[in-house]
Amino acid sequence: MGLFGKGVARICAVVAASSAREMAAQLRHALRETPTVELRLDWLAKDSERRSFLSWLRRNRPRRAVLLATCRRRQGGGLFAGSVQAELHWLSQAAEAGCLWCDLEIETLRKLPRNLIRHHSLPRHILLSVHDFRRMPPLNPAIGARWRDEVDAIKLAGEAPTIADSVRLLRFAAGLRDCVAVPMGEVGLPARLLALREGSALAYAPVASATAPGQVSLQEMKHLYRAHALNRHTQVFGVIGDPIAHSLSPLLHNTAFIARKINAVYLPFLVHNLRDFLKSAPDFGLRGFSVTLPHKQAILRHLQDCDALSAEIGAVNTVVVRRDGSLYGCNTDYVGVLRALEKKLPLPKSRVLILGAGGAARAAAFALSRAGAGVYICARRENAARELARAVGGEVVPRHTLRTQSFDAILNATPIGMYPHSAISPLAPGELHCRIVMDLIYRPERTKLLKLAARKRIATVSGVEMFLAQGIAQWELWMKRSAPERSMRRAVLTALREEERRRSSP
Ligand code: NAP
């Protein structure tokens, strides 16, 4: 059993608010998820709020909870503007209110005379914390050695500039006794989610929804990524992209693992540099990963093999890591377009107009042409349109002819109409002469283009359908069994609708 208990007790909820009332509300919420909670006293706006919160805590001491008090000064990266003495005062008040642990930053310890820490009636256990909010802390085995006898555990938190650095931090911490490793920042997020598996004594997650890139909320850490339950047998998957924070793929794939009770996890990798990621992939034990912008083409150079169609399209969105570590690529965007459209339209001999000539348009054009459809391309750069039309045996359609032409389906593969520009449409109502309009965009779920089409009683297909279909195809490729489609659909639609509700409420 670890210092803080086992299982979910190793997830530490971070309670941080400016008022005593909100702190109390967050603490009650946190304790429904985990018994281990950090109380960020430095976040409280003023001393009167700290006093009020700690006196509430004294009266409402939660049973069986392990509370860790922090009153980090600005010098150590916290919000507390007071002196070292004032910090120690609030930590001793926290001890009286029932906190078993306190976090003391190295900047404070340096100011205290040696061997006198225990004279301050602090909480019984001390966690020495070393933060570097701009880079990695020095990973020196002598770190904190001066205070080892006086503290119970050490926390190393550093901004990971590369994925390799985040792995280095986990490895280093695993070699120390009673150490908490916190790779910070969005690049460090996958390592942060695997920290408990790699031996970190705790993993932190805020109760309130994550406010900074690289944080995941308590809810996600426990229920989506199941950080406390990951072990050596967990199969690891992920998605690489830049940006990646708003990807719905972790929700999609983890929901499926949970529904099928599979010991696997899917992590979001912010990848600025493909080589950095590929070098670290074996450290994560990755079995496969999804590829999104801007790496769909560039990844091809790093694959040992790929299916013929991906080579023809020139883009890969799915990679399987084989047992010998070699990488095999394929393209399920292709499958996504087909599955989403063929439910509504017999594709052979149909006429389909594609707007745009970028990556998604390319996958759609190859998919439709292989399915026997006639492919028509309309793009603002005529060269790009001509090149794609030639590659799939299709035709170029100039924009000005759209008012007089009709198609079976029109497919938008440009980003026009994507949030936050959701009030615009790539086509005017007078240019929509077809039976079906499909938009590849899924933020918003119903774009302006789809609304215009519906008003003309044209059937519509949202980009969500393609997103779901490509993700389901990926999952089945990795897991070699049928995916729980209903759970995946429900999770993604609920998240998208919740996002839209939040955007539209003031
Ligand atoms: P891309 O490679 O950047 O291609 C975008 C295409 O749209 C290019 O042809 C571009 O023309 C054109 N375009 C961009 N802005 C335009 C404008 N203002 N006016 C006219 N044309 C414009 O992007 P992509 O990967 O193909 O993605 C396209 C859309 O599909 C995105 O909205 C993406 O979210 C969506 N998508 C959805 C899924 C899904 O699962 N539902 C999957 C993949 C993509 P230029 O080359 O001249 O810039």
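See the structure printed just above.
Keep in mind that what you see is a predicted model, and the values were worked out from it rather than measured.

Rules of the game
Residues numbered from 1 in each chain as written. Predicted model: local features only at pLDDT ≥ 70, side-chain atom pairs only at ≥ 80, totals over all residues. Heavy atoms only, no water. Near = heavy atom within 4 Å. Polar contact = N/O pair within 3.5 Å; in protein donor to acceptor, adjacent residues only side chain to side chain. Areas by Shrake-Rupley, 256 points an atom, 1.4 Å probe, with all protein chains shown as cover. Helix = DSSP H or I, 4+ residues; strand = E, 2+ residues; numbered from the N terminus. Nonpolar A, V, L, I, M, F, W, Y, C, P; charged D, E, K, R; others polar. Buried < 20%, exposed > 50% of the residue type's maximum accessible area, 1.4 Å probe, protein only.

Asker: Honestly, the site of the ligand in this entry has me stumped. Any pointers?
Answerer: Looking at the ligand, there are 19 residues lining it, with Ala-357, Ala-360, Arg-380, Arg-381 and Leu-440 nearest. Contact between the ligand and Ala-360: an oxygen atom at 2.7 Å from a main-chain N or O atom of the residue. Arg-380 places a polar side-chain atom, nitrogen or oxygen, 2.8 Å from an oxygen atom of the ligand. When the ligand is considered free in solution it has 920 Å² of accessible area, and contact with the protein chains removes 72% of it. In terms of residue count, helix 15 (residues 463-479) provides more of the shell around the ligand than any other element does, three residues in total. Partitioned by chemical class, the residues of the shell around the ligand number twelve nonpolar, five polar and two charged.

Asker: Even after reading the chapter, I still don't get helix 11 (residues 332-342), so can you show me in this structure?
Answerer: Residues three or four positions apart in an α-helix share a direction because the helix packs 3.6 residues into each turn. The buried count for helix 11 comes to eight of eleven residues, which makes it a mostly enclosed element. Of the residues making up helix 11, those classed as buried are Thr-332, Asp-333, Tyr-334, Gly-336, Val-337, Leu-338, Ala-340 and Leu-341. Backbone nitrogen of Asp-333 and a side-chain oxygen of the N-cap are separated by 2.9 Å at the start of helix 11; the cap is Asn-331.

Asker: Looking at this structure, how should I read unusual backbone geometry?
Answerer: Omega for the peptide link from Tyr-419 to Pro-420 comes to 10°, which places this bond in the cis form. Cis geometry is adopted by the peptide bond preceding Pro-444, which originates at Arg-443 and carries an omega value of 5°. With respect to the helices and strands, the residue Pro-444 is situated in the loop between strand 19 (436-439) and helix 14 (448-455). One non-glycine residue, Arg-64, adopts positive backbone phi at about 65°. Here Arg-64 is to be found in the loop between helix 2 (47-59) and strand 3 (66-70). For Arg-64, a relative accessible area of 75% puts it in the exposed group. Phi angles above zero are rare outside glycine, and Arg-226 is one such case at about 50°.

Keep in mind these values describe shape, not function.
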